[in-house]
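Structural features, examined
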Amino acid sequence: MFKKFMAKIGIGSAKVDLVLRGSEYTLGDTIEGELVLQGGAVEQYINKVDVQFMLALRTKKNEHRRAMATIPFDCRFMLGAGERKTLPFMYQLPKDLLISSHAVAYYFTTNLDIAAGVDSQDNDYIRVNPPTRFTNIITAFEELGLREKHDSRAFDGYAQEFEFSPQHSCKAA
């Protein structure tokens, strides 16, 4: 009885973990992994599991967080004490996302809704890289002696801005 009470307040309750096969992806890639559900000290009923693909965007004035997609898992079940369940996970990145930078971050928030208990949550950050053709353009600028600025890739509300500056090389005359 004591274990059931502790699980209801979150101590020894079920946990969820999204395990991804990688942490860096290109626009349009399919992200694969698995949801790992780990039972706690007592048997608990799971109402639902869902994963939200989130965008965190920092501007000069403030920070915004927005759910870009919700991936529901149709499952209601009893998770036994110490039981481990795995569910396959797959999500295709849209091709029109902003590229990750100091001001643009993406992550998955996994939510485990436990009946009459404290819900479990897990956050997993990923990096979204530009497609190969765009990476080739950045490389070409570097070969011309330009370097991408630290605060490049900012979003102005309409478009993502990329800034380059000449590389300084110290040569003796």
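That block above? That's the structure.
Below is a short write-up of the structure. (Residues numbered from 1 in each chain as written. Predicted model: local features only at pLDDT ≥ 70, side-chain atom pairs only at ≥ 80, totals over all residues. Heavy atoms only, no water.)

Our focus in this paragraph is the overall build of the protein chain. Along the protein chain, the regular secondary structure elements total two helices and 13 strands. By the burial criterion, 38% of the 173 residues in the protein chain qualify as buried. For the protein chain, contacts bridging at least 24 residues in sequence account for 64% of all contacts bridging at least 6. Here the protein chain displays about 10,800 Å² of accessible surface, and carbon together with sulfur accounts for 52% of that area. (Helix = DSSP H or I, 4+ residues; strand = E, 2+ residues; numbered from the N terminus. Buried < 20%, exposed > 50% of the residue type's maximum accessible area, 1.4 Å probe, protein only. Contact = heavy atoms within 4.5 Å. Areas by Shrake-Rupley, 256 points an atom, 1.4 Å probe, with all protein chains shown as cover.)

Turning to the pairing of strand β4 (residues 44-58), a few remarks are in order. By the bridge criterion, three bridges tie β4 to strand β6 (residues 77-79) in an arrangement that is antiparallel. Bridge pairing links Gln 44 to Leu 79 in β6. Relative to strand β8 (residues 104-114), β4 is paired through eleven bridges, and the arrangement is antiparallel. Of the residues in β8, the one forming a bridge with Lys 48 is Asp 113. Pairing of β4 with strand β5 (residues 63-73) involves ten bridges; the strand directions are antiparallel. Looking at β5, one finds that Ala 56 is bridged to Arg 65. Where β4 folds back onto β5 in an antiparallel hairpin, the turn is made up of four residues. (Pairing = 2+ DSSP bridges.)

Below, the discussion takes up helix α2 (residues 132-143). Between its terminal C-alpha atoms α2 stretches 16 Å, which fits the 16 Å expected from twelve residues at 1.5 Å a residue. Gly 145 occupies a position one or two residues after α2 and carries a positive phi of about 95°. (Expected span 1.5 Å × (residues − 1).)

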